[in-house]
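Given next are the chains, with one letter for each unit.
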Amino acid sequence: MPEQQRLIKKYPNRRLYDTRTSSYITLADVKELVLNHELFQVVDAKSSEDLTRSILLQIILEEEAGGAPMFTSDLLAHMIRFYGNAMQGMMGKYLESNIKAFTEMQAKLQDQARAIYGENSPVGQDLWAQFLNFQGPALQSMMGAYVDQSKKMFEQMQSQLESQTRNMFTGFQFPSYVKPEDGHPLTPAGKDEGKK
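Cut-offs and rules
- Residues numbered from 1 in each chain as written.
- Predicted model: local features only at pLDDT ≥ 70, side-chain atom pairs only at ≥ 80, totals over all residues.
- Heavy atoms only, no water.
- Helix = DSSP H or I, 4+ residues; strand = E, 2+ residues; numbered from the N terminus.
- Buried < 20%, exposed > 50% of the residue type's maximum accessible area, 1.4 Å probe, protein only.
- Contact = heavy atoms within 4.5 Å.
- Areas by Shrake-Rupley, 256 points an atom, 1.4 Å probe, with all protein chains shown as cover.
- Core = buried A, V, L, I, M, F, W, Y, C linked by side-chain atoms within 4.5 Å.
- Patch = residues over 30% accessible without salt bridge, like charges linked within 9 Å, V, L, I, M, F, W, Y side chains within 5 Å.
- Salt bridge = Lys/Arg side-chain N within 4 Å of Asp/Glu carboxyl O.

## Some words on the overall build of the protein chain
Of regular secondary structure, the protein chain possesses 5 helices and 6 strands. Taken from N to C terminus, the helices and strands of the protein chain fall in the order β-β-β-α-β-α-α-α-α-β-β. Classification of the 196 residues of the protein chain by burial places 12% in the buried group. If you take every contact in the protein chain between residues at least 6 apart in sequence, the share linking residues at least 24 apart comes to 36%. Summing over all exposed atoms, the protein chain offers an accessible surface of approximately 16,400 Å²; the carbon and sulfur share of this is 57%.

## As for the nonpolar core
Counting 11 residues, the largest nonpolar core is built from Ile8, Leu16, Ile25, Leu27, Val30, Leu33, Phe40, Val42, Leu51, Ile55 and Ile59. If you list the elements that add at least two residues to this core, you get helix H1 (27–35), strand S4 (40–44) and helix H2 (52–65). Filtering out sequence-adjacent residues up to four positions away, leucine 16 remains in contact with Ile8, Lys9, Lys10, Ser23, Tyr24, Ile25, Thr26, Leu27, Val30, Val42 and Ile55.

## Focus: a nonpolar patch on the surface
On the surface, Leu75, Leu76, Met79 and Leu95 cluster together into a nonpolar patch covering about 280 Å² of accessible area. Per-element accounting of the nonpolar patch gives the leading share, 3 residues, to helix H3 (residues 73–82). Along the polypeptide, methionine 79 turns up in helix H3. Among the residues examined, methionine 79 registers a relative accessible area of 30% and is labelled partly exposed.

Set out below in structure tokens:
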């Protein structure tokens with residue numbers, strides 16, 4: 001039987017109440033739930049509005065503030081620029097699928113290490129770090145090539161679209177417009193808007 005989602009209520013005093021354990025918890029406790037892959041939802045105690053994303057963002061903000069940040073200022077600026085952009089939804093899906101693939105690769109490597117070295121072997125625990133040390137430059141190079149290829153494909157698609165648009169409208173005659181004089185609006189050449 002699948003585990004039921006844990007419900008956490010956020011009260012106006014900003015305290016979080018875990019309905020499963022009937023106790024108040026902290027952001028650190030919520031972070032532990034995330035690390036343990038537990039399903040949970042945070043809701044406003046009065047309105048029942050879902051606050052899960054905002055709580056997760058708070059945890060990320062705390063993690064970024066203490067220790068070594070994961071996101072550079074440049075990366076954050078790029079992410080902010082995607083908000084309100086036509087690509088916003090696509091970028092979210094792109095990041096989600098790439099992080100999912102990375103997590104799956106990490107899990108497979110850890111499973112293989114457990115099978116070879118046993119459950120609590122320090123060799124198995126260090127294997128992922130060693131893999132990243134050796135493969136990090138190769139992975140970065142591969143991702144760089146992937147991004148360059150995507151950029152080139154986008155530029156080609158844009159060029160083809162412009163070319164197709166020009167070809168589509170070559171048979172149409174468009175009037176040429178002259179600059180307005182004496183406050184008259186733009187008018188096709190050869191017509192005087194001021195005379196009736």
